[in-house]
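Chain by chain, the residues:
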Amino acid sequence: MISGPSGKSRIEPRFGQAVAVVAGLGAEVRCWSVADWQRLRVEWGNWRGQELGPWGAYTTRKQFRVHLSPSICATLTRLVDDEVPVREDPWPEQLAWSVGALAHEAQHVRGVMNEGKAECFGIQSIAKIAEALGRRSEEGRYLARLHWTSTYLARASRFRPEQCRDGGRLDVHPETHAWP
């Protein structure tokens, strides 16, 4: 088993453990090589009528497998292995996106199939995923806020349920008024 940066497709146990913290059950997280991801992109496009991009991810629920693109895996590996504070990282939006993607996929492992709900619950679990990957809670909260402002608010409406907001029906912690 390969762990850490690699040009080869691999299972990444550190990311699987982070998913388990949020989902409550284990999942196999696969980091794909560029060549293998290209093959999966074509297969996915034929199957779902859409194409996975270079910053894509998906979950096969039957096997509890999370599939991450090489870009996401490289960024998550950088988050885990580098000691640079996330606010000082040269590409904090990439960090926020990548942790957000893993948090979103963890919701699918948890059983949330609706994409909008998975995105809403996922954004609220970004801090927990970041902490499970070894970052401080304030760094996780920073990444969640950054993902909210730089990505979530610009997403298509099917990924942004109206009740995904502070105090909304999808607010996991409505008593705190801390969002996300």
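Residues numbered from 1 in each chain as written. Predicted model: local features only at pLDDT ≥ 70, side-chain atom pairs only at ≥ 80, totals over all residues. Heavy atoms only, no water.

Draft legend 1. The packing of aromatic side chains, seen in detail. Under the counting rule described, the total for this entry stands at two aromatic pairs. Here the aromatic rings of W148 and W179 are separated by 5.5 Å at their centres, their planes lie at 85°, and the arrangement is edge-to-face. Remark: W179 occurs in the segment after α7 (137–150) and W148 occurs in helix α7; sequence separation between them is 31 residues. On the accessibility criterion, W148 (16% relative accessible area) is buried. The ring of F121 carries R110 above its face, with NZ or CZ at 5.4 Å from the centroid. (Phe/Tyr/Trp six-rings, centres within 6.5 Å; stacked < 30°, edge-to-face > 60°. Helix = DSSP H or I, 4+ residues; strand = E, 2+ residues; numbered from the N terminus. Buried < 20%, exposed > 50% of the residue type's maximum accessible area, 1.4 Å probe, protein only. Lys NZ or Arg CZ within 6 Å of the ring centre and 35° of its normal.)

Draft legend 2. Just the environment of A144, in detail. Tracing the backbone through its elements, the reader meets A144 in helix α7. In the structure, A144 is positioned 64 residues away from V80 in sequence and 16 Å away in space, judged by C-alpha atoms. Not counting chain neighbours up to four residues away, the residues in contact with A144 comprise I123, I126 and P180. (Contact = heavy atoms within 4.5 Å.)

That is the geometry; function is a separate question.
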